[in-house]
Amino acid sequence: MRDSPYLAILAVFVPLSLLSVGGGQAVLPEIHRQAVLSHQWISEATFLADYAISRMSPGPSSLIVTLIGFQVGGALGALLATFAIFLPSSLLMYALVRVWSRTRGARWQRAVERGLAPVAAGLILASCVTLLAAASGGWMVPVAAVASAGLLMTDKVSSILIVIGGAAVFLLVGN
Amino acid sequence: MAVETLREAPPAPEPPVPGPLALFLAFGKIGITAFGGGLSGWVMQDMVRKRRWVSEDDFLAGLAMSQALPGVNVVNLAIWIGYRMGGGLSALCSALGIVVPPMIMVSLFALVYEWLARFPGSARAIEGAVAASIGFMIAMGVRVGQRSLHRVATATVMIVVFVGVAFLKLPIVLVVAVLAPISVALAYRREVADAR
């Protein structure tokens, strides 16, 4: 290949960063199309394994790009892909919060903040449904999720303990 | 004297504002413990409920903007919170905290993936961790939802967004583009009415 794989990584992931409205999941189909179909960097099976790994690993699931970047260009490729997907959108957010913090407390600004709150609430509730639908593990998943929410809302049980507890219960009860 | 007092004891915000390192560590901790997506629920639990660094109002405003702009929601949220806590450096450290430690984790997971898959219980345990993690999103949804239920206008907006995205599977961009301006206009009318 004559062209640098690093440039190709940037050319694919920088635009996707700015297209990922609604979160990283929004561009997952496009990542698949680019990495597997157009550039043929990785096979379908590798993509699915990458997806599974990024789902079961903690943190933002967009980190699938770290794995793809590694498969295309080693450690440097992994770093480039990660920063390419996060940096452009982050700069945009940074610009917004700067402008927002400069003019504080104007009436229109309070209206925007208060007006966006119920939109955010609706999106949060929707992502509960999406996350539950995407999770594998059968009937125990919604039960455990609601139980974990109940425990969290007491503010008395540590977050990590709840996650370890979830893993332990699933392991003990089985399917 | 007054100047001296000021210098020695700056107007202590209650609770103390975290520095860049504290933000990096706090976001890093969330980054390596939050499974299965929906990390903003963790941020709320940790930084709004437990540490009380951010007010619920400020958190929600930031979350709504994070969702409206392109980018991974929790990374945008980290930039919002970091900047509000201490400007550019804090924003950078918060964003690095939520990206770099999980990036190392995902690389380690990739290394041990095939080895790990040989243990019969491993997949099941991760399903359990993911299920418990979804609880963070549900807890946040319940808390935030209650606030919006107080008014007919905000409750309607919330329910329309919820049904549109979760069940009608409408694109988030479209739903936000239509409902955010309506909701903001309604809020502006309330602001004007309250000022009178």
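Residues numbered from 1 in each chain as written. Chains lettered and ligands numbered in written order. Predicted model: local features only at pLDDT ≥ 70, side-chain atom pairs only at ≥ 80, totals over all residues. Heavy atoms only, no water.

Novice: Whenever I open this one, the overall build of chain B confuses me. Can you help?
Specialist: From N to C terminus, chain B includes eight helices and zero strands. When the helices and strands of chain B are read in sequence order from the N terminus, they spell out α-α-α-α-α-α-α-α. Based on the C-alpha atoms only, the size of chain B along its principal axes is roughly 70 × 60 × 25 Å. Here chain B, with 196 residues, has 56% of them falling under the buried criterion. Put simply, 55% of the contacts in chain B that link residues at least 6 apart link residues at least 24 apart. (Helix = DSSP H or I, 4+ residues; strand = E, 2+ residues; numbered from the N terminus. Buried < 20%, exposed > 50% of the residue type's maximum accessible area, 1.4 Å probe, protein only. Contact = heavy atoms within 4.5 Å.)

Novice: Looking at this model, I keep getting lost on a nonpolar patch on the surface. Mind explaining?
Specialist: Residue and element names in this part refer to chain B. On the surface, a nonpolar cluster with roughly 800 Å² of combined accessible area is contributed by L149, I159, V163, F167, L168, L170, L174, V178 and I182. Every element with two or more residues in the nonpolar patch is listed here: α7 (152-166) and α8 (172-195). Checked against the element boundaries, V163 lands in helix α7. (Patch = residues over 30% accessible without salt bridge, like charges linked within 9 Å, V, L, I, M, F, W, Y side chains within 5 Å. Areas by Shrake-Rupley, 256 points an atom, 1.4 Å probe, with all protein chains shown as cover. Salt bridge = Lys/Arg side-chain N within 4 Å of Asp/Glu carboxyl O.)

Novice: What am I meant to see in the side chain of S62 of chain A here?
Specialist: Here S62 of chain A is to be found in the loop between α3 (44-56) and α4 (64-102). Among the residues examined, S62 of chain A registers a relative accessible area of 10% and is labelled buried. Not counting residues within four places of it along the chain, the set of residues in contact with S62 of chain A comprises G24 and F86 of chain A together with V72 of chain B.

Novice: How should I be thinking about the packing of helix α6 (residues 140-153) of chain A against helix α7 (residues 159-173) of chain A in this particular structure?
Specialist: When two helices pack together, their arrangement is captured by the angle between the axes and the distance separating the axes. Residue and element names in this part refer to chain A. Two numbers describe how α6 lies on α7: the axes approach to 11 Å, and their chain directions differ by 150°. With respect to their mutual orientation, α6 and α7 come out roughly antiparallel. Crossing handedness for the pair α6 and α7: right-handed. Judged by residue contacts, M140, V141, A144, S148, L151 and L152 of α6 engage S159, I162, V169, F170 and V173 from α7. Of the residues in the contact of α6 with α7, the class split is nine nonpolar, two polar and no charged. (Axes fitted to C-alpha atoms, helices over the stretch in contact; angles between N-to-C directions. Parallel < 35°, antiparallel > 145°, perpendicular 65-115°, else oblique. Left-handed = near helix turned anticlockwise from the far one by under 90°. Nonpolar A, V, L, I, M, F, W, Y, C, P; charged D, E, K, R; others polar.)

Novice: What's the story with empty space enclosed by the protein in this structure? I'm lost.
Specialist: Once rolled over the atoms, a probe with the size of a water molecule shows which space is left empty. All names here are of chain A. If you walk through the whole model with that rule in mind, you get three cavities of 30 Å³ or more. Approximately 100 Å³ is the volume attributed to the largest cavity. Around the largest cavity, the lining comprises 14 residues; the ones closest to its centre are G24, Q25, V27, I31 and S62. Among the elements of the structure, α2 (28-38) and α4 are those that each provide at least two residues to the lining of the largest cavity. For the lining of the largest cavity, the element with the most residues is α4, which contributes three residues. For the lining of the largest cavity, the per-class residue count stands at eight nonpolar, six polar and no charged. (1 Å grid on protein atoms, 1.4 Å probe; cavity = no way out; pocket = protein on both sides within 12 Å on 5 of 7 lines; lining within 4 Å. Points joined across faces, edges and corners; volume = space filled by probe spheres on them.)

Novice: Teacher, can you tell me more about helix α1 (residues 5-19) of chain A here?
Specialist: All names here are of chain A. The terminal C-alpha atoms of α1 lie 22 Å apart, and with 15 residues this matches the ideal 21 Å at 1.5 Å per residue to within 8%. Residues of α1 that are buried in the fold lie against α2 and α4. For α1, the N-terminal capping position is held by S4, with its side-chain oxygen 3.0 Å away from the main-chain nitrogen of Y6. (Expected span 1.5 Å × (residues − 1). Polar contact = N/O pair within 3.5 Å; in protein donor to acceptor, adjacent residues only side chain to side chain.)

Novice: Would you mind going over α8 of chain B with me for this structure?
Specialist: In an α-helix, one turn spans 3.6 residues, which is why side chains three or four residues apart end up on the same side. With 24 residues, α8 of chain B extends 33 Å between its outermost C-alpha atoms, agreeing within 8% with the 34 Å of an ideal straight helix rising 1.5 Å per residue. When the local axis directions of α8 of chain B are compared, the greatest deviation, roughly 25°, occurs at L179 of chain B, which is followed within four positions by the proline P181 of chain B. Contacts made by the buried residues of α8 of chain B are with α5 (107-134) of chain A together with α4 (56-68) and α7 of chain B. (Bend = angle between axes of the 7 residues up to and from the residue.)

Novice: Would you explain the interface of chain B and chain A in this entry?
Specialist: It is common to give the size of an interface as the accessible area that goes away when the parts come together. Every contact between the two is made by 93 residues of chain B and, on the other side, 84 residues of chain A. Carbon and sulfur atoms supply 77% of the area that chain B and chain A bury against each other, a total of about 7,800 Å² over both sides. When the buried surface of chain B facing chain A is broken down by residue, P70, R124 and E191 of chain B rank first, second and third, together holding 9% of it. Inspection of the chain B/chain A interface yields four salt bridges. Between R143 of chain B and D155 of chain A there is a salt bridge whose closest N-O contact spans 3.4 Å. Of all the secondary-structure elements, those providing two or more residues to the side of chain B that touches chain A are α2 (20-33), α3 (39-50), α4, α5 (73-116), α6 (122-149), α7 and α8 of chain B. Within the side of chain B that touches chain A, the residues separate by chemical class into 62 nonpolar, 22 polar and nine charged. (Buried area = accessible area lost by both parts, 1.4 Å probe.)

Novice: For this particular structure, what's the right way to read the environment of G24 of chain A?
Specialist: Within the element layout of this structure, G24 of chain A appears in the loop between α1 and α2. Note: C-alpha distance between G24 of chain A and A144 of chain A (120 residues apart in sequence) is 25 Å. Apart from the residues within four sequence positions on either side, G24 of chain A is in contact with S62 of chain A together with G71 and V72 of chain B.

Novice: Help me out: how do you make sense of unusual backbone geometry in this one?
Specialist: Trans peptide bonds make up most of the peptide bonds, and negative phi angles are found at most residues other than glycine. Residues other than glycine seldom take positive phi values, yet Q40 of chain A does so here, at roughly 50°. If you trace the backbone, Q40 of chain A turns up in the loop between α2 and α3.

Novice: Would you mind going over the pattern of salt bridges with me for this structure?
Specialist: Opposite charge on two side chains makes pairing possible when the charged atoms of those side chains draw close. All names here are of chain B. Taken as a whole and assessed by the stated rule, the structure comprises 11 salt bridges over all chains. Notably, a salt bridge pairs D46 with K50, separated by 3.6 Å at the nearest N-O pair. Remark: K50 and D46 occur in helix α3; sequence separation between them is four residues, near one turn of the helix. D46 gets classed as buried once you look at its relative accessible area, which sits at 9%. Given the relative accessible area of 57%, K50 is considered exposed.

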